[in-house]
Amino acid sequence: MTDILWTNLCSPLCLAFVLGIVARLLKSELSLPRDLYAALSIYLLFAIGLKGGVELSHTSLKEFLAPAMVTIALGCFTPISAYLVLRNVCRFGIADAAGIAAHYGSVSAVTFIASQQFVSSMGYPSEGFMPTLLTLLEIPGIQIALTIGAILTAREANAKKQLDPSGTEEPKPRPMSEVLHEVLTARSMILLVGGLILGFLMKDVGYKPVKPFFEDLFKGALTLFLLEMGLAAGSRLKDLFKAGPALVAFGTLMPLAHGSIGACLGAWAGLSVGGTTVLATMAASASYIAAPPAVRMTLPQANPTYYLTAALAITFPFNLIIGIPIYMSIARWACGV
Amino acid sequence: MTDILWTNLCSPLCLAFVLGIVARLLKSELSLPRDLYAALSIYLLFAIGLKGGVELSHTSLKEFLAPAMVTIALGCFTPISAYLVLRNVCRFGIADAAGIAAHYGSVSAVTFIASQQFVSSMGYPSEGFMPTLLTLLEIPGIQIALTIGAILTAREANAKKQLDPSGTEEPKPRPMSEVLHEVLTARSMILLVGGLILGFLMKDVGYKPVKPFFEDLFKGALTLFLLEMGLAAGSRLKDLFKAGPALVAFGTLMPLAHGSIGACLGAWAGLSVGGTTVLATMAASASYIAAPPAVRMTLPQANPTYYLTAALAITFPFNLIIGIPIYMSIARWACGV
Amino acid sequence: MTDILWTNLCSPLCLAFVLGIVARLLKSELSLPRDLYAALSIYLLFAIGLKGGVELSHTSLKEFLAPAMVTIALGCFTPISAYLVLRNVCRFGIADAAGIAAHYGSVSAVTFIASQQFVSSMGYPSEGFMPTLLTLLEIPGIQIALTIGAILTAREANAKKQLDPSGTEEPKPRPMSEVLHEVLTARSMILLVGGLILGFLMKDVGYKPVKPFFEDLFKGALTLFLLEMGLAAGSRLKDLFKAGPALVAFGTLMPLAHGSIGACLGAWAGLSVGGTTVLATMAASASYIAAPPAVRMTLPQANPTYYLTAALAITFPFNLIIGIPIYMSIARWACGV
Amino acid sequence: METHPVILLTIVAEHVLRERLLTEIQQAGVRGYTVYEVEGEGSRHRRVSEVLGSNVKIETIVSAEIADKLLSILKRDYFPDYAAIAYTTSIQVIRGEKYV
Amino acid sequence: METHPVILLTIVAEHVLRERLLTEIQQAGVRGYTVYEVEGEGSRHRRVSEVLGSNVKIETIVSAEIADKLLSILKRDYFPDYAAIAYTTSIQVIRGEKYV
Amino acid sequence: METHPVILLTIVAEHVLRERLLTEIQQAGVRGYTVYEVEGEGSRHRRVSEVLGSNVKIETIVSAEIADKLLSILKRDYFPDYAAIAYTTSIQVIRGEKYV
Ligand SMILES: Nc1ncnc2c1ncn2[C@@H]1O[C@H](COP(=O)(O)O)[C@@H](O)[C@H]1O
Ligand SMILES: Nc1ncnc2c1ncn2[C@@H]1O[C@H](COP(=O)(O)O)[C@@H](O)[C@H]1O
Ligand SMILES: Nc1ncnc2c1ncn2[C@@H]1O[C@H](COP(=O)(O)O)[C@@H](O)[C@H]1O
Ligand code: NA
Ligand code: NA
Ligand code: NA
């Protein structure tokens, strides 16, 4: 196991992430230009989609059905489990609990990719349709947690108002449909889903001429992206103290729980060891691309320090460095290998 | 023919363009960062130039002479034919007609590349010196149309003034030489012509080490670029109604006419089927990189909605999806294949 | 020799640089978007570091020791020799002399890369640990020159004050430690040193999947970067007159002197012809990434026109086009080839 | 040159509000606006720009009534929970009728 | 700290005018300027930024006379056909002589 | 809507000063600031942006005393050797207590 951990730590991805953290701790001025960061994330999401779409064109619906069902089940379960733990065990307020739960109910695309790379470097390539599962898992978790948050904070506000009717004027609440539209047409969705459909339509013959761009460069581009993520995580490290031990415990134990459940469900649905590991990682991961703006817009009372620190500075490095190898061990056990 | 159309539509280029349009129609927030767009266009223009220059170093002057003559003839003819049709058939005002004609007299680099890719995927590679023809065709059309516009609007203004001498003070007109300098030293010219000369000087031996960057990545980068062009075209779609049916008819029939003439002249000048198709496409295409700023600066009275909508939302998709295959059919007929 | 010069001039790097100068002289609006420039420099520095680190993991400490010593010696000698010449021969003031000397005591990463490419294209590949030497040479020169400048300008200011105690209030001087921190954690240092360590840790096995990104694209990306450097140099050309003949002489003769000393020391330390050439080039080159901001912040009295013109518009093109082939000749002689 | 006094309303707010604020000012009847990306720190001191983008600055030349209306909306719907500030400056324009 | 009143002239215009306006203000004798890229919408409501770039904002601290001169030029040569606005603000500086 | 007059201090300076000036204003006790990248030319006419980056513009809403203090610091430590200007504008805010 330590062997696998060490190999994983010496992968370009983990190393670049650590370099980013160290640079930030040294107070270096290093930072990727904003447009480069945006360009890399567009490239990465579109490339995952394209590749996944091309692979999907080789897949029969039958293989795909059970994993898809299981993924949607995970997307409905994880935000609720996360909310309940946050509210009842970690004692967060309604808005904060719902805000954090939206992140853990969704999925981190970079963690997804890192697990894909890891399993195939370990000799267990994952199924071609995994990116499709990624898109299935991305949205429901955010919506469910935000709905919980919106309903319960409204009820709380009403209760307060009845006690003290002379309170200040309330801000106009935002219609849920607007939020759903924003999440469904967010950049990451369009690129992932659009890429999937394009890949599916262009097949291998169309993909071949663009492969040097979208596939051969992928890992290098991802390395640069992780450097930036390390910088972002590094600048959040001091918030760990503000966040408190409850959040740190949540950010490491919740992924282990979600990851184990994901691994069992994946194996049950007939995924390979690689696919099971990747599904477990998705369940365990916390979104930090799609979830933060959605939460910020809909639940402004939730403190961003909590959800960003948990997703970016606790759970992301935990999964990247320790989590993924653990989920693979569980997946091997669950798949009976 | 529908077969060819379908293959063309499922190429990464067309698909990415359509994805961009769809994303815009869904009101997605997706957009490429501005610097990425600029970076891609610099890369694409410079790469076309370099590649063309390297190929040019294999070409004898003799093969090149007739096609070059024919290209210059097209560059002088198309702006005038476009102006006359716009003014007399479509009934546009002087400034608007001249502004639109400047776009159709020049050439769209991306349409050029798409046709190059298309013919070589169909087994008819085009001549190596085509990018040289591209640069020959880019400038004259803009200059001729702008000169027509400048002279005729000045005459019109004078006529008005004599009728009503108490009119408001006239804006100072801009010297034509400034405009010519701007067009000749525009980014796209420097990159194309500079690339051509550099490629010519560095030959295969110098090109080889930079080939993975400038050639292998080319189609992937172009796919991303077309995504952005789709977004831009999508946001102009609703202007189609403002523009009216005359503009839509012009934007599809004029390219067919210019394309047919281009194909005949190309075949007559001894180009291969591939080269003839590409020349026809150039004649049929409308510029939207070099022409718009030149027209905006020199003929501010011309309404940008007309020329941008025509070039970007009508003629570009028409050529990309339907036009190029048609021009190839004509080219095959004209070349007697 | 003219043969070698011509070959060098027709390399993509030199040609792109010349194209940039020409574009600027033609007053073209061409310029790389700022974020593309930043992205390219991040990419190039990180890629040099990574590659160097991977190579370093194959190197024994023994081979490396003597070249490292010699490099540090050069890092201490060149800023002092440059300062003395500037102050006593070229008659610059203290601040200006120290500011320029900081640039010549440090090293230009792009000149370094160009020399690496040149020697390997000539059949004399340089040692794998050269990037390590680059990082050793980058800092000391800047610090030494700035320290000289800070001490001597303070002494001068004190002397003035004693003559005329009623002078205006002095600006608060900046602590040297802050400057050292800035230079040590500058973007270029983090990327180079970080890349070296990452490459060293990931070894060939980790490097392989990111190689298409960091190695195959390297020369193409560098070509684009040199286009931008040409634009920057071109816009400084008219400052050559303001700068005067002393600076032009300094900017060409000082590199020759430093290059010759570097070549002798390199050969003496046992480097190959390639490595000796590269070391000589480093000694001869003038920094324009790390040095300018450090000098600007610490010695604001030094006129940036002098040091930027010298480094960017005189010494950089001189080394790129003429210097490197000369240093290789000296290196061949010094190594007895 | 004869000039007219009008009001320039400036809003600086966190980036997620960009589209909402632009809709808000357009609904209030402004005749135009200028918008650009900025960075900043304020009472909320949230360093969240890595993921949530930095700030957005919106400037709009308006009549006193519209400025007032917009300030009330900002006070009610945005100042309590979001990072946002607003201020007005008196400026002079030559085409007064263009902005009211 | 003793301060002096001067005028800040702000121009927002479509991007193709950038170099022309900078030449214009320099010919009018300004002592400096600050310029940056912005986006915006106004009476001309043209969504042309995909191809023509967005807007440019130019700020220059000037004397009242130069402000006046520049406003007349803008009114005559630019406001009729181009997307462009301009306004002036009264500001205070400590080195009054630097700007006139 | 009741508004309060406060001062907006604007600094435009060469890019290397960015972190130093932000530290400076925070030490002077400002409650917030907004910062963005600009380009410009002034009396020092240095076209050094290729290598040294362009300019930075810092805006901070402050009380008159802090504005005064900051202007003196700028005058002593920055104006002599660096490319930098500063000016103040009177503005109106609705939450006066937020800025002092
Ligand atoms: N005193 C101030 N001066 C200038 N800008 C400010 C000030 N306070 C806040 N801001 C800007 O407004 C944004 C939101 O402020 P706040 O709501 O105080 O967090 C900050 O990120 C700054 O960009
Ligand atoms: N009322 C306004 N407030 C702020 N900026 C404006 C206003 N009107 C126009 N602008 C800016 O000036 C540019 C040109 O305006 P126009 O000439 O009205 O199309 C617009 O794109 C905006 O950036
Ligand atoms: N008169 C002015 N109007 C507007 N901005 C100015 C003016 N003078 C200087 N600046 C800005 O302040 C920076 C430094 O000016 P200086 O110290 O005069 O070189 C310039 O690069 C401009 O961005
Ligand atoms: Na999850
Ligand atoms: Na044409
Ligand atoms: Na040196």
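Heads up: the structure comes first, above all this text.
This one's a predicted model, so the numbers in the text were calculated from it and none came from an experiment.

### Quick look at the overall build of chain A
Right, so step 1: Of regular secondary structure, chain A possesses 16 helices and 0 strands.
Right, so step 2: On C-alpha atoms alone, chain A measures out to a radius of gyration of 20 Å, which is about the 20 Å that the 2.2 N^0.38 rule sets for 337 residues.
Right, so step 3: Along the first, second and third principal axes, the C-alpha set of chain A runs to 70 × 50 × 40 Å.
Right, so step 4: When burial is assessed residue by residue, chain A has 60% of its 337 residues classed as buried.
Right, so step 5: Nonlocal contacts in chain A, meaning residues at least 24 apart in sequence, comprise 88% of its contacts between residues at least 6 apart.

### Here we look at the overall build of chain D
Right, so step 1: If you tally the helices and strands in chain D, you get 3 helices and 4 strands.
Right, so step 2: Along its sequence from the N terminus, chain D presents helices and strands in the succession β-α-β-α-β-α-β.
Right, so step 3: The principal-axis extents of the C-alpha atoms in chain D amount to approximately 45 × 25 × 20 Å.
Right, so step 4: Residues classed as buried in chain D amount to 59% of the 100 residues present.
Right, so step 5: Nonlocal contacts in chain D, meaning residues at least 24 apart in sequence, comprise 79% of its contacts between residues at least 6 apart.
Right, so step 6: A total accessible area of about 3,800 Å² is found for chain D, and carbon and sulfur atoms account for 49% of it.
Right, so step 7: Positive and negative side-chain charges of chain D, numbering 12 and 14 respectively, have mean locations separated by a distance of 2 Å.

### Some details on the interface of chain F and chain D
Right, so step 1: Across the contact, 21 residues belong to chain F and 22 residues belong to chain D.
Right, so step 2: When chain F packs against chain D, close to 1,700 Å² is buried across both sides, 53% of that on carbon and sulfur atoms.
Right, so step 3: In this assembly, chain F and chain D are joined by 2 salt bridges.
Right, so step 4: Of the charged contacts, one joins lysine 57 of chain D and glutamate 59 of chain F as a salt bridge, the two residues approaching to 2.5 Å between their closest N and O atoms.
Right, so step 5: Between chain F and chain D we count 7 residue pairs in polar contact (both at pLDDT 80 or more) in total.

### Some remarks on the relation of the copies chain F and chain D
Right, so step 1: In screw terms, the move from chain F to chain D is a rotation of 120 degrees and a rise of 0.0 Å along the axis, fitting with an RMSD of 0.0 Å. When the rotation and shift are considered jointly, the pair of chain copies conforms to a three-fold rotation axis.
Right, so step 2: Interface residue correspondence from chain F to chain D reaches only 10%, placing this contact among heterologous pairings that use different surfaces.

### Digging into the relation of the copies chain C and chain A
Right, so step 1: Turning chain C through 120 degrees and shifting it by 0.0 Å along the axis lays it on chain A, with an RMSD of 0.0 Å.
Right, so step 2: A share of only 9% of interface residues in chain C that are also interface residues in chain A marks the association as one of differing surfaces.

### So, the site of ligand 2
Right, so step 1: Surveying the vicinity of ligand 2 reveals 18 residues, the closest of which are Ile61 and Lys98 of chain D together with Ser43, Arg44 and Asn55 of chain E.
Right, so step 2: One of the backbone N or O atoms of glutamate 41 of chain E is found 3.5 Å from an oxygen atom in ligand 2.
Right, so step 3: One of the backbone nitrogen or oxygen atoms of serine 43 of chain E is found 2.7 Å away from an oxygen atom of ligand 2.
Right, so step 4: Coverage of ligand 2 by the protein amounts to 97% of the 480 Å² it exposes when considered alone.
Right, so step 5: Elements that contribute at least two residues to the shell around ligand 2 include exactly strand S2 (33-41) and strand S3 (55-62) of chain D together with strand S2 (33-41) and strand S4 (84-93) of chain E.
Right, so step 6: The element contributing the most residues to the shell around ligand 2 is S3 of chain D, with 3 residues.
Right, so step 7: Its residues assigned to classes, the shell around ligand 2 shows 7 nonpolar, 7 polar and 4 charged.

### Some details on helix H16 (residues 304-334) of chain C
All names here are of chain C.
Right, so step 1: With 31 residues, H16 should reach 45 Å at 1.5 Å per residue; the first-to-last C-alpha distance of 36 Å falls well below that figure.
Right, so step 2: Taken as a whole, H16 carries its principal kink of about 55 degrees at glycine 323; the proline proline 325 stands between one and four residues after it.
Right, so step 3: Counting buried positions along H16 yields 23 of 31 residues, so the element is predominantly enclosed.
Right, so step 4: Here H16 starts with a cap whose side-chain oxygen sits 2.9 Å from the backbone nitrogen of threonine 305, and that cap is asparagine 303.
Right, so step 5: Positive backbone phi, at 70 degrees, marks glycine 336, one or two positions downstream of H16.

### Observations concerning a nonpolar patch on the surface
Right, so step 1: Together, Val193, Ile197, Phe200 and Leu201 of chain C line one region of the surface with nonpolar side chains, adding up to about 310 Å² of accessible area.
Right, so step 2: With respect to the helices and strands, isoleucine 197 of chain C occurs in helix H9 (residues 187-207).

### Regarding the pairing of strand S3 (residues 55-62) of chain E
Residue and element names in this part refer to chain E.
Right, so step 1: Most of S3 sits inside the fold, with 8 of its 8 residues counted as buried.
Right, so step 2: By the alternation rule, side chains of S3 split into Asn55, Lys57, Glu59 and Ile61 and Val56, Ile58, Thr60 and Val62, which are all buried.
Right, so step 3: Pairing geometry for strand S1 (residues 4-14) and S3, over 8 bridges, is antiparallel. If you follow threonine 10 over to S3, its bridge partner there is glutamate 59.
Right, so step 4: One ladder, built from 5 bridges, connects S2 with S3; its direction is antiparallel. Its bridge partner lying in S3, glutamate 37 is registered against valine 56.

### Describing the interface of chain C and chain A
Right, so step 1: At the junction of the two partners, chain C supplies 22 residues and chain A supplies 25 residues.
Right, so step 2: Taken as a group, Asp35, Ile190 and Phe213 of chain C account for 24% of the area that chain C buries against chain A, more than any other trio of residues on that side.
Right, so step 3: Across the contact surface, chain C and chain A share 0 salt bridges.
Right, so step 4: Taken together, the connections running from chain C to chain A amount to 4 residue pairs in polar contact (both at pLDDT 80 or more).
Right, so step 5: Listed by contribution, the elements that provide at least two residues to the side of chain C that touches chain A are helix H3 (34-56), H9 and helix H10 (211-216) of chain C.
Right, so step 6: Looking at the side of chain C that touches chain A element by element, the count peaks at 8 residues for H9 of chain C.
Right, so step 7: Within the side of chain C that touches chain A, the residues separate by chemical class into 16 nonpolar, 4 polar and 2 charged.

### Things to note about the coordination of the sodium ion (ligand 5)
Residues and elements named next belong to chain B.
Right, so step 1: For the sodium ion (ligand 5), every protein donor is listed as Tyr104 (O), Ser106 (O), Met282 (O), Ala283 (O) and Ser285 (O), and the spread of their distances is 2.5 to 3.0 Å.
Right, so step 2: If you list the donors of the sodium ion (ligand 5) from N- to C-terminus, the spacing comes out as Y-x1-S-x175-M-A-x1-S. Here serine 106, found in the loop between helix H5 (94-105) and helix H6 (109-121), pairs with methionine 282, found in helix H14 (residues 273-284); they are 176 residues apart in sequence, far enough to count as distant.
Right, so step 3: Serine 106 gets classed as buried once you look at its relative accessible area, which sits at 1%.
Right, so step 4: Among the residues examined, methionine 282 registers a relative accessible area of 0% and is labelled buried.

### A word on the site of ligand 3
Right, so step 1: If you check the shell around ligand 3, you find 18 residues, and the closest are Ile61 and Lys98 of chain E together with Ser43, Arg44 and Asn55 of chain F.
Right, so step 2: Within the backbone of isoleucine 61 of chain E, an N or O atom sits 2.8 Å from a nitrogen atom of ligand 3.
Right, so step 3: At 2.8 Å from an oxygen atom of ligand 3 is found a main-chain nitrogen or oxygen belonging to serine 43 of chain F.
Right, so step 4: Summarising the interface, the protein chains cover 97% of the accessible area of ligand 3, which totals 480 Å² for the free molecule.
Right, so step 5: With 3 residues, the single largest contributor to the shell around ligand 3 is S3 of chain E.
Right, so step 6: Looking at the shell around ligand 3 residue by residue, the class counts come to 7 nonpolar, 7 polar and 4 charged.

### Some remarks on the pattern of salt bridges
Right, so step 1: For the coordinates displayed, the defined rule picks out 35 salt bridges over all chains.
Right, so step 2: Between arginine 34 of chain A and glutamate 39 of chain D there is a salt bridge, with its nearest N and O atoms 4.0 Å apart. Here the residue arginine 34 of chain A occupies a position in helix H3 (residues 34-56), and glutamate 39 of chain D occupies one in strand S2, the pair thus bridging two chains.
Right, so step 3: We note a salt bridge from glutamate 37 of chain E to arginine 34 of chain B, for which the minimum N-O separation is 3.2 Å. Of this pair, glutamate 37 of chain E sits in strand S2 while arginine 34 of chain B is found in helix H3 (residues 34-56), placing the two residues in two different chains.
Right, so step 4: Given a relative accessible area of 44%, arginine 34 of chain B falls into the partly exposed group.

About the criteria used
- Position labels on residues start from 1 in each chain and follow its written sequence.
- Chains and ligands are labelled by the order in which they are written, letters from A for the one and numbers from 1 for the other.
- Predicted model: local features are reported for residues with pLDDT of at least 70 only, side-chain atom pairs are reported and counted for 80 or more only, and whole-chain, interface and lining totals are derived from all residues.
- Heavy atoms from the whole structure form the basis of all side-chain values; hydrogens and water molecules are not counted.
- Strands are runs of DSSP state E lasting at least two residues, helices are runs of H or I lasting at least four, and both sets are numbered from the N terminus onward.
- Based on C-alpha atoms, the radius of gyration is set beside the globule rule, defined as 2.2 Å times the residue count to the power 0.38.
- The buried label applies to any residue whose accessible area, calculated with a 1.4 Å probe on protein chains only, is under 20% of its type's maximum; exposed applies above 50%, and partly exposed to all values in between.
- By definition, residues are in contact when any of their heavy atoms lie within 4.5 Å.
- Computed with the Shrake-Rupley method and a 1.4 Å probe, the accessible areas treat only the protein chains shown as cover for residues.
- Only four residue types enter the charge count, namely Lys and Arg as positive and Asp and Glu as negative; His and the chain termini do not.
- Here the site of a charge means atom NZ of a Lys, CZ of an Arg, CG of an Asp or CD of a Glu.
- Note on terms: buried area is the combined drop in 1.4 Å-probe accessible area of two parts once they are placed together, counting the loss on both.
- A side-chain nitrogen of Lys or Arg and a carboxyl oxygen of Asp or Glu constitute a salt bridge if their distance falls within 4 Å.
- Polar contact criterion, stated in full: a pair of N or O atoms within 3.5 Å, where within protein one must be able to donate a hydrogen and the other to accept it, and residues adjacent in sequence count only if both atoms are side-chain atoms.
- Fitting of the copies onto one another was done by least squares over C-alpha atoms, counting residues only where both copies have pLDDT of at least 70.
- Near, as used in this document, describes a residue that has one of its heavy atoms within 4 Å of the molecule or strand being considered.
- Ten residues, namely Ala, Val, Leu, Ile, Met, Phe, Trp, Tyr, Cys and Pro, are considered nonpolar, four, namely Asp, Glu, Lys and Arg, are considered charged, and the remaining ones, Gly among them, are considered polar.
- Multiplying 1.5 Å by the helix residue count minus one yields the expected span of that helix.
- What we call the bend at a residue is the angle made by axes fitted to the seven residues finishing there and the seven residues starting there.
- Within the patch definition used here, like charges are joined within 9 Å and nonpolar side chains (Val, Leu, Ile, Met, Phe, Trp, Tyr) within 5 Å, considering only residues with over 30% relative accessible area and no salt bridge.
- Two strands pair if DSSP finds at least two bridges between them.
- Note that water is not among the atoms used; donors are N, O and S atoms within 2.8 Å of the metal (3.2 Å for Na, K and Ca), so sites may look incomplete.

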